[in-house]
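# Report on the structure
This is what each chain is made of:
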Amino acid sequence: MARYRIGIDVGGTFTDFVLVDMVETRLRYHKEPSVPEDPSAAVERGMHILSQSFDVALGDVELVVHGTTIGLNAIIQRRGARLALVVSKGNRDNLEIARLRLPSSYDFTVPREKPLVPRHRVFEVNARMRSDGTVVAEPTAEEMAALADGLRHADVEAVAVTLLNSYRDGSLEQAVAATLRASLPGVLVSESSTIWPEIREYERCLVAALNAYIQPLITGYIDRLESRLHGQGVSAPIYITANNGGTLSLDTARERPIDTVLSGPASGVVASTRVGAVAKQPQLITFDMGGTSADISLCQAGVPEFTASTQVGDFPLMMPVVNVSAIGAGGGSILWVDAQGLLKVGPVSVGADPGPVCYGRGGKVPAITDCYLVLGIIDATRFLDGRMALDISAALAALNGIAGELGYAGPDRAMEVAEAALRVASAMMATEITKLLAQAGVDPRLYALLAYGGAGPTHANLLIQEAGIQSVLIPTAPGTFCALGAVLADVRRDYVRTSRHLIGSTQALDNATDGWPAVAATLAELEKAARDWVSREGSLVGTHDFVVSFNLRYPAQAYELDVIVPTDQREQLSGAALAELFHAEHQRRYGFSELESPVQTTTIRLGVIGRVAPVTLPEAMAGIPEPAGRREVWHGGRRIAVDIFARAGIGAGATVHGPAIIEQPDTTTFLLPGWQARADTLGTLQITRGAAE
């Protein structure tokens, strides 16, 4: 009987698993060291351990949801496919020119990023369209044959096709792409009008190019993953997490791997909204601190914040993603001393191999995890539930080396350096959080930090004390939280269409043509495409919902506002009603509106959400915690005695007072003096200042 779901999140250091028993409402967790050369090997090994440890027949699994950073890493490290770009004649320098902006406005010596496709692999074709969709040039059969020959001789693995103005009508571009597919078997071809048909030539070209760049790598990985899991007896559908917090079938992920590059962080934000709702804390700052970096995101009124533009490595990505920002160090971020003799932390990370010095894999440079160990915050014998012993002597020796560079002396110099490093890391992250919240117009005192990742709970109390945030939520299994978010997510895909028309009331339009009929027709086309797609995404998908928004502006404005259409207004939406929504948002954002002016639509956005039967999160049992022991922790420049608690023993409603260490298999929570942690009905720890404070 199909009764299990499995969520998987492949990270740089560990691959995380969450096993959901849909019948008994139970969650099981596992962490497996990642295999950077072939992440599917760690997935296969972890699935076997899940099956053996919890007596689960993998044939009884009904759904596997998998998140990966393979595409993201390939873009950042520039190790994607050998790629060619096909453009309209005269547009060969699209990627070279980009947006004509300096990498740094104040430093003329900073080199600009190298284009994703070198100029000698950019091919021109005599295919061109005007901005109104009129075709002015079509390639002949001989020209297409010559283009295919040139691509063949360039020995490319993938081709991106971006023709001028193809966002308006993709038929010409799609015909060119279809001809190339037929002429170049084995070469993957991506066209911009299929991937993301939105105005802005450079950004649209990049989306298609990035999709093609990682497509062979992602396709090969998905094929290996599918083969390994089927070999283990898994017959369930496999989904891949997406940038927008949803999931995609393997077929969609093969066609559109660009939709997966920022999926890992998005999954954690999805899980945060569920945990925050139970804790009655809909205003959240999510804080994911793993082995390489720390990321934050905002959730307002229980909904993650999205952005239509972000940065992936050196390149802008013009697609909707959960708005996650990297703010600083991870557990593997290194300690070093700069030329002025100042202690620095990160941004370089030691990675999974060799890892921090205490891992005993040959690492020589101390990292944040080494600091946690020598300060007594984590236990050398209980890391990963005792499955991985840590070498405290090696960590002490490495930190003593840094202490020597800084001029520290005395028997406790390693601890002094370790605590200083944590203060530096906390100050860096607090500064970035404060800046990001200020830009969003958010008061941090009204928000709770929700900490997860292997190092998130360990550092969370230190961070909120530095940043002035009032409370922290620690979920029951923070080290595998992104894997939980993967299995909680619904199926989702976003659609876009550029549509420039004037709308508004009859008086506002005056003699201008009302563009609403054209806008409504385009919206109907997007809805039909979305319905067709979601119907092919698998039998587990039930009902579906739409999220509709428009980019709108007053005529001649150089920027737009994104206006979401409320669900109850969507069926009867008119041009005048949409204009009223824009006037209200403009008034709210800028303090004024021009009711007598028409409104211009620029972009229509539609998201389709296919609902999957929800996972019920298990409630925690009641229980009064008793200390499992005590140990000394270096804090505030001295050793203090700290009670040690097992996380499993902290039942719903129970309270632990700091200073305390709360241990569990996937992480350790450090509770500072003067703070307290109380467990809610899910077992989530809510850390706040004690009454005396």
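An α-helical turn contains 3.6 residues, so a residue and the one three or four places further along point in the same direction. For helix H7 (residues 201–231), spanning 31 residues, the distance from its first C-alpha to its last is 44 Å, which sits close to the expected 45 Å at 1.5 Å a residue. When the local axis directions of H7 are compared, the greatest deviation, roughly 45°, occurs at Gln215, which is followed within four positions by the proline Pro216. Looking one or two places after H7, you find Gly233, whose phi comes out positive at around 95°.

Okay, the packing of aromatic side chains next. Summed over all chains, the structure comprises 5 aromatic pairs. Taken together, a centroid distance of 6.5 Å and an interplanar angle of 45° make the contact between Trp516 and Phe550 tilted. Placement of the pair is Trp516 in helix H16 (residues 516–535) and Phe550 in strand S26 (residues 541–553), with a sequence separation of 34 residues. What makes Trp516 buried here is its relative accessible area of 14%. Residue class for Phe550 comes out buried when judged on its relative accessible area of 0%. With a centroid separation of 4.8 Å and an interplanar angle of 75°, the aromatic rings of Tyr554 and Phe582 are classed as edge-to-face. In this pair, Tyr554 is assigned in the loop between S26 and strand S27 (561–564) and Phe582 in helix H17 (residues 575–590), connecting sequence segments 28 residues apart. Taken individually, Tyr554 and Phe582 each receive the classification buried, so the pair is uniform in this respect.

You can see Thr15 is positioned in strand S2 (residues 14–21). Residues contacting Thr15, with those up to four places away along its chain left out, are Ile8, Asp9, Val10, His30, Lys31, Glu32, Ser34, Ala42 and Val43.

Per the stated rule, a full pass over the model turns up 42 salt bridges. Across the pair Arg256 and Asp259 runs a salt bridge whose closest N-O atoms are separated by 2.7 Å. Residue Arg256 is classed as buried on the basis of its relative accessible area, which comes to 3%. What emerges from the salt-bridge pattern is a single network uniting Glu198, Arg200, Arg553, Glu560 and Arg605.

Turning our eyes to something else, we now look at the sheet that holds strand S10 (residues 188–191). Taken together, 4 strands build an open sheet; the order of strands is S6-S5-S9-S10 and the sheet is parallel. Every other strand in the sheet has two partners, leaving strand S6 (122–125) and S10 as the edge strands with one partner each. Across the sheet, the mean angle from the axis of one strand to that of its neighbour is 20°, orientation sign disregarded. Along the sheet face, helix H4 (residues 141–153) touches strand S5 (83–88), S6 and strand S9 (158–162) and points at about 175° away from the line of S6. Strands S5, S9 and S10 of the sheet are contacted by H7, whose axis makes an angle of about 160° with S9.

Cut-offs applied
- Residues numbered from 1 in each chain as written.
- Predicted model: local features only at pLDDT ≥ 70, side-chain atom pairs only at ≥ 80, totals over all residues.
- Heavy atoms only, no water.
- Helix = DSSP H or I, 4+ residues; strand = E, 2+ residues; numbered from the N terminus.
- Expected span 1.5 Å × (residues − 1).
- Bend = angle between axes of the 7 residues up to and from the residue.
- Phe/Tyr/Trp six-rings, centres within 6.5 Å; stacked < 30°, edge-to-face > 60°.
- Buried < 20%, exposed > 50% of the residue type's maximum accessible area, 1.4 Å probe, protein only.
- Contact = heavy atoms within 4.5 Å.
- Salt bridge = Lys/Arg side-chain N within 4 Å of Asp/Glu carboxyl O.
- Pairing = 2+ DSSP bridges.
- Axes fitted to C-alpha atoms, helices over the stretch in contact; angles between N-to-C directions.

None of the figures reported here should be taken as evidence of function without further support.
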